[in-house]
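As a plain string of letters, each chain reads:
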Amino acid sequence: DQQVKQNSPSLSVQEGRISILNCDYTNSMFDYFLWYKKYPAEGPTFLISISSIKDKNEDGRFTVFLNKSAKHLSLHIVPSQPGDSAVYFCAASGSGAGSYQLTFGKGTKLSVIP
Amino acid sequence: DAGVIQSPRHEVTEMGQEVTLRCKPISGHDYLFWYRQTMMRGLELLIYFNNNVPIDDSGMPEDRFSAKMPNASFSTLKIQPSEPRDSAVYFCASSLGRGGPGELFFGEGSRLTVL
């Protein structure tokens, strides 16, 4: 059973518009959430994270929103650029001894159309 | 500064053969992780080490899989004997592991094809 779910395998967005990638989780013990970006033939790279004590974290064009009651987080990219086309993985970790062990979703492939 | 280095980048082998994947983590990182990526299951954690000691290997699918970390700068993931269903991209990642859940730094992966 998947504890971190990304229900949209793919998403297409026009350049300049907003991209919204969604992620749901089932484990209420998760304490920290991260987004990774992956280009073909490369390893995933860290993009942005959020602690469970916050509901929003912003870094330039990227914003992550966390709704703990709904066990839902989303990544907003504004404005979207063709270079943002990649697979985005949502990940979660617990606290304490398990905090360095990430559970990943299956990923969402974002295509930004020029 | 070099990132996580994995070898080989691509491996094609026949069923029943032994496969060894190698990883050199970022110097100074205390944690090392082995992940497997497939279309069906996404990124799965196989095993992770802290200071060269295996902490959790519950993700290792079968006894055919084994991993070692003889020192802080080298780890191997071995599959013996290999099967077609082992075909996947295997990623190694390392982390500083200080001050809370840090980000993982991934290598470029080893794409394994078992015929």
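Residues numbered from 1 in each chain as written. Chains lettered and ligands numbered in written order. Predicted model: local features only at pLDDT ≥ 70, side-chain atom pairs only at ≥ 80, totals over all residues. Heavy atoms only, no water.

The next thing to look at is the state of the cysteines. If you walk through the whole model with that rule in mind, you get two disulfides over all chains. Residue pairing for Cys23(A): its cysteine sulfur links by disulfide to Cys90(A), the two sulfurs lying 2.0 Å apart. Its S-S torsion of approximately -75 degrees makes the covalent link between Cys23(A) and Cys90(A) left-handed. Separated by 67 residues along the polypeptide, Cys23(A) in strand β3 (residues 19–25) and Cys90(A) in strand β9 (residues 86–93) bring together distant segments of the chain. In this structure Cys90(A) comes out as buried when scored by relative accessible area, which is 1%. Linked covalently through their sulfurs, Cys23(B) and Cys92(B) form a disulfide whose S-S length is 1.9 Å. Measuring the twist about the S-S bond at about -65 degrees, one finds the Cys23(B)-Cys92(B) disulfide to be left-handed. Taken together, the residues Cys23(B) in strand β3 (residues 19–24) and Cys92(B) in strand β9 (residues 88–95) connect sequence positions 69 residues apart. By the burial criterion, Cys23(B) is buried, and Cys92(B) matches it. (Disulfide = S-S within 2.5 Å. Helix = DSSP H or I, 4+ residues; strand = E, 2+ residues; numbered from the N terminus. Buried < 20%, exposed > 50% of the residue type's maximum accessible area, 1.4 Å probe, protein only.)

Scanning the entire structure with this criterion turns up 15 aromatic pairs over all chains. An angle of 85 degrees between the planes, with centres 6.3 Å apart, marks the rings of Phe89(A) and Phe104(A) as edge-to-face. On the criterion of sequence distance, the pair formed by Phe89(A) in strand β9 and Phe104(A) in strand β10 (residues 103–104) is long-range, its members being 15 residues apart. The residues Phe89(A) and Phe104(A) share a single accessibility class, namely buried. Members of the aromatic cluster, connected to one another through ring pairs, are Tyr36(A), Phe46(A), Phe89(A), Phe104(A), Tyr31(B), Phe33(B), Tyr35(B), Tyr48(B), Phe91(B) and Phe106(B). (Phe/Tyr/Trp six-rings, centres within 6.5 Å; stacked < 30°, edge-to-face > 60°.)

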